[in-house]
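Listed below are the residues making up each chain.
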Amino acid sequence: MMDSEHPPTPPTSAGTRRRDLLRGAMAAGLGAGAGLTAGVLASSAASREDGDDGDGARAVSAPGGTDPRRAAAVEAAGEHQAGIARPGTPQPHGMLVVLDLADVPAPGAADEAYRVGLRELCAALGRSIASLTSDDQAETSGLLDGPGDLTVTVGLGPRVVAALDPELPGAQALPAFAGDDALPADRTGGDLLIAVYGSDPNDVHQAARWLTGTVPGTSIRWSQRGFRAPGTGTVARNPLGFHDGVIVPHGDDELAEHVWIPDGPLAGGTVCVVRRLRLDTTAFAAESLEHQQAVIGRYRHDGSPLSGGGPSDEADLLAKTPDGQYVTPARSHVRAAHPSFTGSHLMLRRGYAFDDGATGGVADAGLLFICFQRDLRTFAQTQFRLDETDALSEYVTATGSGTFLILPGFDGARPLGATLP
């Protein structure tokens with residue numbers, strides 16, 4: 001469940017956009033409601049970390065320097081894992097693999113042997129990632145042209161984290177949201193997340209398969225391949241045709257405030273939520289353009305808010321028509337998902353579309369929603385708000401769900417998982 005016993009410390013950075021949004025909402029008497037969501041907004045790019053070339057990448061050639069078309073490499077080592085805020089523009093292809101571990105102890109019951117074994121498993125996986133992304137394993141892993149811009153992100157599920165300490169960030173499972181009683185068990189939860197992203201879909205698939213094979217004592221629970229439309233930063237059109245992701249943290253200061261766990265043994269990590277959302281694109285496309293835009297709260301052609309401004313501007317929730325109606329409709333996704341309502345932190349969203357074809361005439365396609373935040377409450381408060389008031393919910397069905405503690409970064413001196421208590 002949510003970490004209600006340990007609510008997040010209110011952000012203290014002066015002048016952040018979230019605080020400005022809160023002031024505006026309070027002055028207008030908008031009440032309490034939702035932060036960012038599993039949804040469909042349009043956004044500016046997330047920040048880049050120090051030492052990259054402007055997109056979290058370092059320009060290197062493929063082996064032998066023979067193929068300049070290969071995407072620039074992304075450094076795996078660092079304070080934070082790759083695939084979260086670097087590169088700043090998510091790669092066009094991704095694959096999530098969720099595995100189960102054998103014999104996970106009850107909450108708080110992990111003995112020293114289990115803790116040592118878990119740290120060793122994570123460290124070995126980190127070494128595999130370092131080799132995979134530095135050309136060392138090009139032949140054995142199947143990446144014959146080098147890793148390109150491949151990144152790998154590793155997380156632990158709530159069952160594993162709670163076995164170490166139920167009070168740790170990431171130890172709480174997601175609460176049940178509207179419609180979650182129909183979630184398939186084989187696409188819910190999981191103990192170990194391996195998320196692979198890159199520009200070459202074949203490399204992504206091959207790397208995920210190779211890495212999964214290097215982790216002993218696991219079984220695959222579920223997996224999902226995804227793809228993104230072209231974009232800059234976190235801005236890209238989603239399967240409904242609208243730009244995805246407006247209000248995300250920008251720059252190192254806001255990432256530190258909203259995304260990274262600030263202290264304790266897991267400082268530098270983050271909490272990831274994954275929701276596999278089947279979208280009824282046929283029904284949505286059958287609606288008039290005016291209705292679609294009212295559902296979203298933004299114009300389809302460029303993502304600008306109905307209340308005015310440019311594509312990267314935030315909606316003015318106070319703007320009204322001459323007859324007193326809100327310009328941004330009361331049940332629009334923009335209003336339902338707005339961070340001024342919950343008082344929670346912002347989420348960094350890096351979602352992917354998926355399309356698994358059709359079964360029995362029913363299309364299985366939609367959005368693989370992926371977000372990062374410093375505590376689970378941020379997402380949970382937002383989703384509860386969406387369940388109550390979001391008009392977009394009519395076109396969305398959750399078909400997979402999970403949350404994972406994304407471990408802090410690693411390097412040659414600090415193995416992946418070294419700070420696990």
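The rules behind each value
Residues numbered from 1 in each chain as written. Predicted model: local features only at pLDDT ≥ 70, side-chain atom pairs only at ≥ 80, totals over all residues. Heavy atoms only, no water. Helix = DSSP H or I, 4+ residues; strand = E, 2+ residues; numbered from the N terminus. Buried < 20%, exposed > 50% of the residue type's maximum accessible area, 1.4 Å probe, protein only. Contact = heavy atoms within 4.5 Å. Areas by Shrake-Rupley, 256 points an atom, 1.4 Å probe, with all protein chains shown as cover. Core = buried A, V, L, I, M, F, W, Y, C linked by side-chain atoms within 4.5 Å. Pairing = 2+ DSSP bridges. Axes fitted to C-alpha atoms, helices over the stretch in contact; angles between N-to-C directions. Left-handed = near helix turned anticlockwise from the far one by under 90°. Nonpolar A, V, L, I, M, F, W, Y, C, P; charged D, E, K, R; others polar. Salt bridge = Lys/Arg side-chain N within 4 Å of Asp/Glu carboxyl O. Expected span 1.5 Å × (residues − 1). Polar contact = N/O pair within 3.5 Å; in protein donor to acceptor, adjacent residues only side chain to side chain. Phe/Tyr/Trp six-rings, centres within 6.5 Å; stacked < 30°, edge-to-face > 60°. Lys NZ or Arg CZ within 6 Å of the ring centre and 35° of its normal.

Secondary structure assignment for the protein yields 10 helices and 12 strands. A total of 421 residues make up the protein; the buried ones form 55% of that total. For the protein, the share of sequence-separated contacts (at least 6 apart) that also reach a separation of at least 24 residues comes to 79%. With the model as given, the accessible surface of the protein reaches about 16700 Å², and the carbon-plus-sulfur share is 52%.

Among the nonpolar cores identified, the biggest contains 42 residues, and Leu 118, Leu 156, Ile 194, Val 196 and Leu 211 are the most heavily contacted of them. Those elements giving two or more residues to this core turn out to be strand E1 (93-101), helix H2 (112-132), strand E2 (151-156), helix H4 (158-164), strand E3 (192-198) and helix H5 (201-213). Among the nonpolar cores identified, the runner-up in size contains 23 residues, and Leu 240, Cys 371, Ala 380 and Leu 392 belong to it.

The element strand E11 (residues 362-373) is extensively covered by neighbouring structure, given that 10 of its 12 residues are classed as buried. Note: strand E8 (residues 270-279) against E11, eight bridges, orientation antiparallel. Bridge pairing in E11 links Arg 275 to Phe 369. Where strand E9 (residues 348-349) lies against E11, two bridges are found, and the strand directions are antiparallel.

Packed helix pairs are characterised by how far apart their axes lie and by the angle those axes make with each other. The N-to-C vectors of H2 and H5 enclose an angle of 150°; their axes lie 10 Å apart at closest approach. Crossing handedness for the pair H2 and H5: right-handed. Between H2, through Leu 125, Ser 128, Ile 129 and Leu 132, and H5, the contact on the second element is made entirely by Ala 207, Trp 210 and Leu 211. In the contact of H2 with H5, the residues fall into six nonpolar, one polar and no charged.

Time to look at the pattern of salt bridges. Per the stated rule, a full pass over the model turns up eight salt bridges. For Asp 356, the salt bridge identified is with Arg 276, shortest N-O distance 3.0 Å. Remark: Arg 276 occurs in strand E8 and Asp 356 occurs in strand E10 (residues 352-359); sequence separation between them is 80 residues. Judged by relative accessible area, which is 40%, Asp 356 ranks as partly exposed. The exposure class assigned to Arg 276 is buried, which follows from its relative accessible area of 0%.

Bringing H5 into the picture now. The end-to-end C-alpha distance of H5, which contains 13 residues, comes to 19 Å, matching closely the 18 Å that a straight helix rising 1.5 Å per residue would cover. Listed in full, the buried residues belonging to H5 are Asp 203, Val 204, Gln 206, Ala 207, Ala 208, Trp 210, Leu 211 and Thr 212. Where H5 begins, the side chain of Asp 200 points an oxygen toward the backbone nitrogen of Asn 202, at a separation of 2.8 Å.

This part is about helix H10 (residues 376-389). Compared with the 20 Å implied by 1.5 Å per residue over 14 residues, the 21 Å span of H10 between its first and last C-alpha is a close match. Within H10, 10 of the 14 residues are buried, leaving the element largely enclosed by the surrounding structure. Restricting attention to buried positions, one finds in H10 the residues Leu 376, Arg 377, Thr 378, Phe 379, Ala 380, Thr 382, Gln 383, Arg 385, Leu 386 and Thr 389. Packed against the buried residues of H10 are E8, helix H9 (333-336), E11 and strand E12 (396-406). In this structure Asp 375 caps H10, since a side-chain oxygen of it lies 3.1 Å from the backbone nitrogen of Arg 377.

Moving on: the sheet that holds strand E7 (residues 243-244). The strand order across the open sheet formed by three strands is E5-E6-E7, and the pairing between neighbours is antiparallel. Sheet topology places strand E5 (231-232) and E7 at the edges, where each strand pairs with a single neighbour. Where strand E6 (residues 235-237) and E7 come together, two bridges link them in antiparallel fashion. Along E7, the bridge assignment pairs Arg 237 with His 243.

Note on aromatic pairs: each is described by the distance of the centres and the angle between the planes. If you walk through the whole model with that rule in mind, you get six aromatic pairs. Grouped by ring-pair contacts, the aromatic residues Phe 177, Phe 369, Phe 379 and Phe 384 constitute a single cluster. Here the guanidinium or amino end of Arg 228 rests over the ring plane of Tyr 352, the centre of that ring lying 5.7 Å away. The positively charged end of Lys 320 is found above the aromatic ring belonging to Tyr 326, 5.1 Å away from the centroid.

We now examine unusual backbone geometry. Residue Arg 86 is joined to Pro 87 through a cis peptide bond whose omega torsion reads -5°. As for its placement among the helices and strands, Pro 87 is situated in the loop between helix H1 (17-28) and E1. We note that Asp 103 has phi near 55°; this positive angle belongs to a residue other than glycine. Within the element layout of this structure, Asp 103 appears in the loop between E1 and H2. The exposure class assigned to Asp 103 is exposed, which follows from its relative accessible area of 71%.

Here we come to the pairing of E10. Pairing analysis gives six bridges linking E10 to E11, with the strands arranged antiparallel. Its bridge partner lying in E11, Asp 355 is registered against Ala 365. What sits between the antiparallel neighbours E10 and E11 is a turn of two residues, in which Gly 360 has the positive phi angle 60°.

So, on to the environment of Asp 180. Along the chain, the position of Asp 180 falls in the loop between H4 and E3. Spatially, the C-alpha atoms of Asp 180 and Gly 400 are 8.9 Å apart, while their sequence positions differ by 220 residues. When neighbours within four sequence positions are excluded, Asp 180 is seen to be in contact with Pro 175, Arg 275 and Ala 398.

Read these as layout, nothing more, since geometry by itself doesn't imply function.
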